[in-house]
Amino acid sequence: MQNLLQFLRTNFHYFLFLILQGISIFALVRFNTYHQSVFFSTASTVNGNILTSRKNVINYFLLKSENQKLKEENILLRTRGTENYIFINSDTSVVRDSNRVVQYSYLPAKVIYNNIRKEKNYFTMDRGFKHGVAKDMGVISPLGVAGIIVDVSENFCVAMSILNSNFVLTPKINGRTHSGQVRWNGKNEDMVQLEKISNQYPIKVGQEVTTTEYGHYFPEHIKIGNIESVEQSDDGKYLEIDVDLATDMSQLSEVYIIKNKFGKELKTLEAPYIDAN
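Residues numbered from 1 in each chain as written. Predicted model: local features only at pLDDT ≥ 70, side-chain atom pairs only at ≥ 80, totals over all residues. Heavy atoms only, no water.

1. Observations regarding a nonpolar patch on the surface
Part 1: Residues Ile112, Tyr113 and Phe156 make up a contiguous nonpolar surface patch of about 310 Å² in total accessible area.
Part 2: If you trace the backbone, Ile112 turns up in strand E3 (residues 104-114).
Part 3: Residue Ile112 is classed as partly exposed on the basis of its relative accessible area of 48%. (Patch = residues over 30% accessible without salt bridge, like charges linked within 9 Å, V, L, I, M, F, W, Y side chains within 5 Å. Areas by Shrake-Rupley, 256 points an atom, 1.4 Å probe, with all protein chains shown as cover. Salt bridge = Lys/Arg side-chain N within 4 Å of Asp/Glu carboxyl O. Helix = DSSP H or I, 4+ residues; strand = E, 2+ residues; numbered from the N terminus. Buried < 20%, exposed > 50% of the residue type's maximum accessible area, 1.4 Å probe, protein only.)

2. A word on the confidence of the model for the chain
Low-pLDDT portions of the prediction should not be read for the details of their coordinates.
Part 1: On average, the chain scores 79 in pLDDT, and the residues at 70 or more come to 64%.
Part 2: Contacts from residues 87-98, a stretch scored under 50 in pLDDT, to residues over four places away or in other chains number six contacts. (pLDDT = per-residue confidence, 0-100. Contact = heavy atoms within 4.5 Å.)

3. Here we look at the environment of Glu195
Part 1: Examined against the element boundaries, Glu195 turns out to sit in strand E11 (residues 191-198).
Part 2: The exposure class assigned to Glu195 is partly exposed, which follows from its relative accessible area of 32%.
Part 3: Note: C-alpha distance between Glu195 and Tyr238 (43 residues apart in sequence) is 7.9 Å.
Part 4: Apart from residues no more than four positions distant in its own chain, Glu195 is found in contact with Gly180, Gln181 and Arg183.

4. Section: the pattern of salt bridges
Part 1: Following the criterion strictly, the structure yields seven salt bridges and no others.
Part 2: Here Glu189 ties to Arg117 by a salt bridge, and the two come within 2.9 Å at their closest N and O atoms. Of this pair, Glu189 sits in the loop between strand E10 (181-183) and E11 while Arg117 sits in the loop between E3 and strand E4 (120-125); the two residues are 72 residues apart in sequence, bridging distant segments of the chain.
Part 3: What makes Glu189 partly exposed here is its relative accessible area of 23%.
Part 4: Among the residues examined, Arg117 registers a relative accessible area of 64% and is labelled exposed.
Part 5: Taking the shortest distance from any N to any O, the salt bridge between Lys120 and Glu119 comes out at 3.9 Å.

Given below as structure tokens:
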């Protein structure tokens, strides 16, 4: 207490000055219309800036929940598409109407590691066995195909990137399934190539390239990209096609893992015949 009193005595003149200064400013603003206007205008500006900053901070912390809501809405919209259903005919009566079964469902995930600079690239996600993830599940970004899962632990999984020379898919071009395949030549991370595409069908720059159900990784009509260039191969039998990827693999972050309800059953059934070839 004595220290406080000593401090007040020592600095008495400063405190007196501040009090008188405050009274002077109050009197100036209170009894002068011009200064009153300037004061309230400045105060409103400062208060507005504080409220704006406060709102920005609150919005920043709300981004995570809003992002989760958007993911859930995207999953709902994707699941409504007819390509995610399989129609099962039955000789028995169906209770409460429908023979339409959801074949593909979507699990949101976050990419925690990604590489695009090698010939064989992979990326890691924060989902694993305990989330229902398994090998051979497809992975897409909000814009298109990203990869296929090749390894899974309890909490994480690794996917082979579409920017991997071992990655192969059968494409649709402008809605027509072709016998060729999607591959990456290891050169440009914005482009993949279409191989063994017959020149009997007219292929044009700008046409859309999408997935088929072959391989059971993806439903139909998931975008791969758009055709950037078309040239004849040296032997004249096939077309050499570059495809501009829909997904920017260098910015891969929020993705969806695709679960095919019948994927394991189909692969087990087909394995003896595929292996025989």
